[in-house]
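# Tertiary structure, described
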Amino acid sequence: MQLTAVGLNHQTAPLSIREKLAFAAASLPEAVRNLAQSKAAKEAVILSTCNRTELYCVGETEQIIEWLAQYHNLPAEEIRPYLYTLDNNETIRHAFRVACGLDSMVLGEPQILGQIKDAVRVAQEQESINTNLNALFQKTFAVAKEVRTDTAVGENSVSMASASVKLAEQIFPDIGDLNVLFIGAGEMIELVATYFAAKNPKLITVANRTLPRAQELCDKLGLNAEPCLLTELPDILHEYDVVVSSTASQLPLVGKGMIERALRLRLNMPMFLLDLAVPRDIEAEVGELNDAYLYTVDDMMGIVQNGKEARQKAAAAAEAMVEEKVGEFVRLQQSRQSVPLIRALRDEGERARRQVLENAMKQLAKGASAEEVLERLSIQLTNKLLHSPTQTLNKAGSENSNLVDAVAQIYQLDQHD
């Protein structure tokens, strides 16, 4: 079995498909353990973000696809058109590119590297990762660090967080006049909230399942930030001009009816709603309402293209580095695969040496001359070491030219002598 990857991302699948195949953070440990213990894979790491779900494995591609479909209770044929499957070298290249931000919606964005590290950490905790994937991801982290240090791929990039503010400013000219509500208190919300806080809105509220975590984020933001519980949403939603949501909920937290009521209480003043969760936190039908401007992660594409030319130039340099690093890792893989064969070859040579040496010592003990013993030892050793390759060449004849060429190369022989 070799390295393989099965996945889908924002380029191959719409949000409606991506959310069906996403792994919730709470279920990820059990899922990766299940995959590694199945017939599909010997090792496994599952990366699941708002833009991609990828299964990095040592296993059989088709069985991995079947496992993925079965885990999510979907027919394999329904998801297959959206999936990409990668062989050993392609998996290495893809892992490097993803970690460097070269495959992201926002070219060069740094958040994905942390997400990969989290996925690997979960796999390690579940003992679903061993020699092969551990080597791949340790190299992946080193490559990402080197590429980001030596190229400008991470510069001039518009992150999802900063793009969120720019999108809101297309509807409301001054963020400073607004009340902003964040649903969730995870890493993505913290990033987005930091950008909004820099614009000094009138009020920031963080709604979360637990109050201490919401309070912790409010303390970081400072300003007029206050916490509340998710259960309070129906009663307070109408007070906010901007709503940004990103939780790990498997079901929508904000429904169409909730927004309809909020708009009536706002006397139809517009609301900007940004749903960065996969699966979605806000029902898609909310987008049908007048004065409700609902955007998802897929709607961010146009905004994050700013500075594209400068980033593309840096990306070319990063891609060249990735190719070089892929070659290095493949050669390392090949050398590791040769180690058992090299060890066996040397063991066989040592066995032959010991055998002829024992014979020589016996002859010396019987009184044979040293010259005679050495002559016989050299002949016996030569015969033993050359017996297998000579026998193989005789069997191969001229029909197996690859084998003949390999032996000639190993012994550095000129076949025309």
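For the structure given in this document, a descriptive report is provided here. All values derive from a computational prediction rather than experimental measurement.

### Concerning the overall build of the chain
For the chain, the helix and strand inventory stands at 15 helices and ten strands. Its C-alpha atoms give the chain a radius of gyration of 31 Å, more than 25% over the compact-globule value 22 Å for 417 residues. Seen through its principal axes, the chain has C-alpha atoms that stretch 115 × 45 × 40 Å. The proportion of buried residues among the 417 residues of the chain is 45%. For the chain, the proportion of contacts with a sequence separation of at least 24, taken over those separated by at least 6, is 69%. When the accessible surface of the chain is summed, it comes to about 21,500 Å², and 50% of that surface belongs to carbon and sulfur atoms.

### Some thoughts on the pattern of salt bridges
For the coordinates displayed, the defined rule picks out 25 salt bridges. Across the pair arginine 52 and aspartate 103 runs a salt bridge whose closest N-O atoms are separated by 2.9 Å. A residue pair is termed long-range when its members are at least 10 positions apart, and arginine 52 in strand β3 (residues 52–59) and aspartate 103 in the loop between α5 (88–99) and α6 (111–125) qualify at 51 residues. In this structure aspartate 103 comes out as buried when scored by relative accessible area, which is 7%. A salt bridge links glutamate 372 to arginine 376; the shortest N-O distance between them is 3.3 Å. You can see glutamate 372 and its partner arginine 376 sitting in helix α14 (residues 370–396), four residues apart, about one turn around the helix. Take arginine 376: its relative accessible area is 37%, and that puts it in the partly exposed class. Several salt bridges converge on common partners, so that one network encompasses Arg52, Glu54, Arg97, Asp103 and Glu319.

### Here we look at the sheet that holds strand β10 (residues 292–296)
In spatial order, the strands read β7-β6-β5-β8-β9-β10; together these six strands make up an open sheet with parallel pairing. Only two strands of the sheet have a single neighbouring strand rather than two, namely β7 (225–229) and β10. Sheet twist, expressed as the mean angle between neighbouring strand axes with direction ignored, is 15 degrees. Two strands pair when backbone bridges link them, and strand β8 (residues 242–245) and strand β9 (residues 271–275) are joined in this way by four bridges, in the parallel orientation. Looking across to β9, one finds that valine 244 is bridged to leucine 274. Its contacts with the sheet put helix α10 (residues 211–221) on β6 (203–208) and β7, and the angle it makes with β7 is roughly 170 degrees. Contacting β9 and β10, helix α12 (residues 256–265) crosses the sheet at an angle of about 155 degrees to β9.

### A few points about the packing of α6 against helix α7 (residues 131–150)
Between α6 and α7, whose axes approach to 11 Å, the crossing angle comes to 160 degrees. When the interaxial angle is binned, α6 and α7 end up roughly antiparallel. For the pair α6 and α7, the crossing hand works out as left-handed. Residue-level inspection shows Ile112, Leu113, Ile116, Lys117, Val120 and Gln124 of α6 in contact with α7, the latter providing Asn134, Phe137, Gln138, Phe141, Ala144 and Arg148. Partitioning the contact of α6 with α7 into residue classes produces seven nonpolar, three polar and two charged.

### Quick word on a nonpolar patch on the surface
Together, Leu385, Leu386, Ile410, Tyr411 and Leu413 make up a nonpolar patch on the protein surface, roughly 500 Å² of accessible area in all. One can find leucine 413 in the segment after α15 (401–410).

### Notes on the pairing of β8
Going residue by residue along β8, you find Val242 and Val244 tucked away on one face and Val243 and Ser245 tucked away on the opposite face as well. Where strand β5 (residues 179–183) lies against β8, four bridges are found, and the strand directions are parallel. Across the sheet, leucine 181 pairs through a bridge with valine 243, a residue of β8. Between β8 and its parallel partner β9, the chain crosses via α12, and the hand of that crossover is right-handed.

### Some thoughts on α6
Here α6 contains 15 residues, and its C-alpha end-to-end distance of 22 Å stays within 8% of the 21 Å for a straight helix at 1.5 Å per residue. For α6, every residue scored as buried is listed here: Gln111, Ile112, Leu113, Ile116, Ala119, Val120, Val122 and Ala123. Where the residues of α6 are buried, they touch α2 (28–37), β2 (41–48), β3, α5, α7 and α9 (187–197). After α6 finishes, the residue glutamate 127 shows a positive phi value of roughly 55 degrees.

Definitions and cut-offs
- Residues numbered from 1 in each chain as written.
- Predicted model: local features only at pLDDT ≥ 70, side-chain atom pairs only at ≥ 80, totals over all residues.
- Heavy atoms only, no water.
- Helix = DSSP H or I, 4+ residues; strand = E, 2+ residues; numbered from the N terminus.
- Rg over C-alpha atoms; globule rule 2.2 N^0.38 Å.
- Buried < 20%, exposed > 50% of the residue type's maximum accessible area, 1.4 Å probe, protein only.
- Contact = heavy atoms within 4.5 Å.
- Areas by Shrake-Rupley, 256 points an atom, 1.4 Å probe, with all protein chains shown as cover.
- Salt bridge = Lys/Arg side-chain N within 4 Å of Asp/Glu carboxyl O.
- Pairing = 2+ DSSP bridges.
- Axes fitted to C-alpha atoms, helices over the stretch in contact; angles between N-to-C directions.
- Parallel < 35°, antiparallel > 145°, perpendicular 65-115°, else oblique.
- Left-handed = near helix turned anticlockwise from the far one by under 90°.
- Nonpolar A, V, L, I, M, F, W, Y, C, P; charged D, E, K, R; others polar.
- Patch = residues over 30% accessible without salt bridge, like charges linked within 9 Å, V, L, I, M, F, W, Y side chains within 5 Å.
- Right-handed = clockwise from strand over helix to strand, strands pointing away.
- Expected span 1.5 Å × (residues − 1).

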